[in-house]
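What the coordinates show
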Amino acid sequence: MLGKLIKHDMRCCSKAFIPMLVAYLSVCLLMVVAIRYADNIDNMTSMMGIMVAVTTTAFVGLLYALLFYSFFGSVSRFKKNLFTDEGYLMNTLPVKPWQHITSKLLSSFIWYAITLAAIFLSMAILAVGISGLDEIGRMVSGIIRMMKELLKEGVGVVMLGLVMLLTSGVCVLLLLYFVTALENVFKLRKGVFGLLSFIAGVVLFWLISTEGARFVINVVEAFDPKTTQGTLELVFGCVSIFSALFSVVFFIGTNYIISHKLNLE
Amino acid sequence: MNEILVCSDLCKNYGQKTALSHLELTLERGKIIGLLGPNGSGKTTLIKLIAGLLVPTYGSLTVGGNRIGVETKKIVSYLPERTYIPEWMKVKDILDFFEDFYSDFSRDRAVEMLTSLNIAVGDKIKTMSKGTKEKVQLILVMSREAELYLLDEPIAGVDPAARDYILRTIITNYNENASIIISTHLITDIEPVLDDVVMIQNGTLRIHASVDEIREKNQMSVDALFREVFRC
Amino acid sequence: MAWYFSGDKAVYLQIMEEIQLRIISGFYPLGTRIPSVRDLAEEARVNPNTMQKALTELERSELVVSQRTAGKFVTCDEKRVTEIRERMSSECMEEFLSRMKKLGFTEKEASEKIGQHCAKNETDPRN
């Protein structure tokens, strides 16, 4: 069942996402073409200048749109799918609420990964397009050398860093899901509540962050690591644990609300 | 077990407002049951409770002997009053969806009914009229071999020809082992299709009898009885 | 076309009457197969259970015969049909007389009236 839910969530997202990704990469290519072309002309006509400006603006705009949409889109899809008219279909499926939440979470992260890959691809296109393959070859081997050194020293840091990014991402998303679910329970006047839940989300986030920071500082002082590497590992580790804990809390909370307090109008 | 639905001391409150109050109701398998009552009587609340969209404040509710949950959702086919198919879908997508999540869904039967209405599998939900969307939903719901069908106002807000189509679809897809609960206030059209009638007022049960009993005992149609019982 | 049902009588009884009428009028000839319960229910826009109830009653009155897998058939017994026809025509006449009484006619007057009316119909070029 979970697999099928994920499949359907992906299909749903792709309707909006794929055109956006295609547009983004196309504009990226156009930008490269414009810049290359502008390069080859001796006197930069205003026409070429406009072309470069337009494509660059479009590129940056789409980049922001992609980042913005992939994040907030997750939350709005969660809300739309489970708490509006579509909820009449979804909540009567023979599926447990935790599966709905997990599916939305996983499909969101899969799309984040795809978005990230698209951004890397666009950077690569830009780099190759503007600087040429040789230059890129040199840059890439430079980067690889740097990464090899980094890995030799601080595998732990890198690993924990990634874990931290992942768990804190999950934690934030689940926080937003939780707040969305709460919004459904305490239905007052729509406009007022949207704002209140946003504020609630921000307050919760701030509280958790400050508590988390305090916790991390205490742990670091207690362990007193000697190296930067050690400190980083500790910090990353603590944040990860903290985020994981709160992720579980928000997950359970959201699950409880959907199972017992659902109220579709 | 011959009972498909058992409500025992069922209560549902929304804050101050009481929607259902100590409702006692048992429904048998193999019957088409009309759920009748004025607006705000608790009909939709009861249906949503059975479908699993609401949780009782007090009391118990079982379908096929199970409390409301994944097991009951497998055997309950629900048609709400509103459009619940996501707008981005095509007919093919919602067919895939039903096939994936409901093991009792018969895609062939659904496609056959859709074709007879000139609805193509590639049509977009977004472009359909309200009446067509409702017919698509009805077809999806009736193409499942469920044990309990919940139809919430299936013929309200729909033209007479469509109403006729809906009634015929309900009759021809009827399965003797399943029960159908039809909530409505358009009683005249529905009455000949019903076996039994449940009338609810202010969240409690007023009448639970067969259509024949009502006609023979009261010498009037259920529609006429309704008007009398719920006279304003 | 959906059948019409009045509000004060049980639906299955009204269905029985309609099917009896179809048999007596020859719409369903003697010995022929009548449509399945489901088809009839769809045509009449009624609950299949109700249609089944009506047909069961008709089987009891021996107007309809059920053959296990082959379906339901009109009886071959012409006498049975005639009996029912007679009964239904008596009911018709009782109803006619009761209505004429309401209009103030005696039974004898009503009888004369119907005779006159039929004679007029016979000579009427429109028939």
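We now examine the sheet that holds strand S10 (residues 204-210) of chain B. Strand-to-strand pairing in sheets goes through backbone hydrogen bonds, with the strands running parallel or antiparallel. Residues and elements named next belong to chain B. Reading across the sheet, the six strands line up as S6-S7-S8-S3-S9-S10 and stay open at both edges, with mixed pairing between neighbours. Because the sheet does not close on itself, it has two edges, and the strands there are strand S6 (76-79) and S10. In this sheet, neighbouring strand axes are inclined to one another by 15 degrees on average, regardless of whether the strands run parallel or antiparallel. Bridge analysis of strand S9 (residues 196-201) against S10 gives six bridges, and the strand direction is antiparallel.

Residues and elements named next belong to chain B. As judged from the five bridges shared by strand S1 (residues 3-14) and strand S4 (residues 58-63), these two strands associate in the antiparallel manner. Bridge pairing in S4 places Ser 8 opposite Ser 60. One ladder, built from two bridges, connects S4 with strand S5 (residues 66-67); its direction is antiparallel. Along S5, the bridge assignment pairs Val 63 with Asn 66. Where S4 hands over to S5, the hairpin turn is made up of two residues, of which Gly 64 adopts a positive phi near 60 degrees.

Formed by 141 residues in total, the largest nonpolar core has its most connected members in Leu46(B), Ile19(C) and Met51(C). Per-element accounting of this core gives the leading share, nine residues, to helix H5 (residues 133-185) of chain A.

As a further point, take the interface of chain B and chain A. Taken together, the contact between chain B and chain A spans 25 residues of the former and 26 residues of the latter. Surface buried jointly by chain B and chain A totals about 2500 Å² across both partners, of which 64% is contributed by carbon and sulfur atoms. When the buried area of chain B at its contact with chain A is split by residue, Leu53(B), Trp88(B) and Phe101(B) rank highest and sum to 28% of it. Our enumeration of links across chain B and chain A arrives at four salt bridges. Here Asp85(A) ties to Arg82(B) by a salt bridge, and the two come within 2.9 Å at their closest N and O atoms.

Another point: the domain arrangement of chain C. Residues and elements named next belong to chain C. Domain boundaries assigned for chain C yield domain 1 (11-76) and domain 2 (79-123). For domain 1 versus domain 2, the separation of C-alpha centres amounts to 28 Å. Counting residues at the interface gives 10 residues for domain 1 and six residues for domain 2. In total, domain 1 and domain 2 occlude about 680 Å² of area from one another, counting both sides; carbon and sulfur atoms represent 75% of this. Taken as a group, Gln 20, Ile 24 and Leu 63 account for 58% of the area that domain 1 buries against domain 2, more than any other trio of residues on that side. The interface formed by domain 1 and domain 2 holds one salt bridge in total. At the boundary of domain 1 and domain 2, one finds one residue pair in polar contact (both at pLDDT 80 or more). Its residues assigned to classes, the side of domain 1 that touches domain 2 comprises five nonpolar, three polar and two charged.

A few words on the packing of helix H5 (residues 130-142) of chain B against helix H6 (residues 160-172) of chain B. Residues and elements named next belong to chain B. Taken N-terminus to C-terminus, the directions of H5 and H6 make an angle of 5 degrees; their axes are 11 Å apart at the nearest point. As far as their axial angle goes, H6 and H5 are roughly parallel. Contact with H5, carried on its side by Lys 135, Leu 138, Ile 139 and Met 142, involves Ala 162, Tyr 165, Ile 166, Thr 169 and Ile 170 of H6 and no other residues of that element. Here the residues of the contact of H5 with H6 sort into seven nonpolar, one polar and one charged.

So, on to the side chain of Thr75(C). Residues and elements named next belong to chain C. Considering the arrangement of structural elements, one finds Thr 75 in the loop between strand S2 (71-74) and helix H4 (78-102). On the accessibility criterion, Thr 75 (6% relative accessible area) is buried. A polar contact is formed between the side chain of Thr 75 and the backbone nitrogen of Asp 77, at a distance of 3.0 Å. Those residues within four positions of Thr 75 in sequence are excluded, and the remaining contacts are Leu 30, Gly 31, Glu 62, Leu 63, Val 64, Val 65, Arg 80 and Val 81.

Analysis parameters
Residues numbered from 1 in each chain as written. Chains lettered and ligands numbered in written order. Predicted model: local features only at pLDDT ≥ 70, side-chain atom pairs only at ≥ 80, totals over all residues. Heavy atoms only, no water. Pairing = 2+ DSSP bridges. Helix = DSSP H or I, 4+ residues; strand = E, 2+ residues; numbered from the N terminus. Axes fitted to C-alpha atoms, helices over the stretch in contact; angles between N-to-C directions. Core = buried A, V, L, I, M, F, W, Y, C linked by side-chain atoms within 4.5 Å. Buried < 20%, exposed > 50% of the residue type's maximum accessible area, 1.4 Å probe, protein only. Contact = heavy atoms within 4.5 Å. Buried area = accessible area lost by both parts, 1.4 Å probe. Salt bridge = Lys/Arg side-chain N within 4 Å of Asp/Glu carboxyl O. Domains from an automatic or database assignment. Polar contact = N/O pair within 3.5 Å; in protein donor to acceptor, adjacent residues only side chain to side chain. Nonpolar A, V, L, I, M, F, W, Y, C, P; charged D, E, K, R; others polar. Parallel < 35°, antiparallel > 145°, perpendicular 65-115°, else oblique.

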